[in-house]
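# Fold and geometry: a report
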Amino acid sequence: MIIVAVLLLPMLGLLLYGMDRLEDRLFGTPPQALPARGHRLRLIHNASRPPTDRRTAGRDAEAA
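Quick look at the structure, then.

What counts, and at which threshold
Residues numbered from 1 in each chain as written. Predicted model: local features only at pLDDT ≥ 70, side-chain atom pairs only at ≥ 80, totals over all residues. Heavy atoms only, no water. Helix = DSSP H or I, 4+ residues; strand = E, 2+ residues; numbered from the N terminus. Buried < 20%, exposed > 50% of the residue type's maximum accessible area, 1.4 Å probe, protein only. Areas by Shrake-Rupley, 256 points an atom, 1.4 Å probe, with all protein chains shown as cover. Patch = residues over 30% accessible without salt bridge, like charges linked within 9 Å, V, L, I, M, F, W, Y side chains within 5 Å. Salt bridge = Lys/Arg side-chain N within 4 Å of Asp/Glu carboxyl O. Expected span 1.5 Å × (residues − 1). Bend = angle between axes of the 7 residues up to and from the residue.

### Concerning the overall build of the chain
Counting its regular elements, the chain contains two helices and zero strands. Counting the 64 residues in the chain, one finds 0% classified as buried. Surface summary for the chain: the accessible area is close to 7400 Å², and the carbon and sulfur share equals 63%.

### Observations regarding a nonpolar patch on the surface
A cluster of nonpolar side chains, L8, L12, L15, M19, L22, L26 and F27, forms an exposed patch at the surface whose accessible area comes to about 770 Å². Along the chain, F27 falls in helix 1 (residues 2–27). Note on F27: relative accessible area 69%, which makes it exposed.

### Examining helix 1
An ideal rise of 1.5 Å per residue puts 38 Å on 26 residues; helix 1 measures up with 38 Å between its terminal C-alpha atoms. Along helix 1, the largest kink reaches about 30 degrees and is centred on L8; proline P10 follows within four residues of it. For helix 1, a buried count of zero out of 26 residues is recorded, marking the element as mostly open to its surroundings.

Laid out in structure tokens, this is it:
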């Protein structure tokens, strides 16, 4: 009985600490986004080549 009483306080302390950490993780503020590192999104792969319009190319082929 004394062993249970001696071990109960540290076990409750660990449980309280663990629940506090879990609550902070679940309900805390989300982490801030990392700033960009200079990488740029390339939307145009080759600007020297004129764009092709597939709709007009298909209609020209059907008309011929």
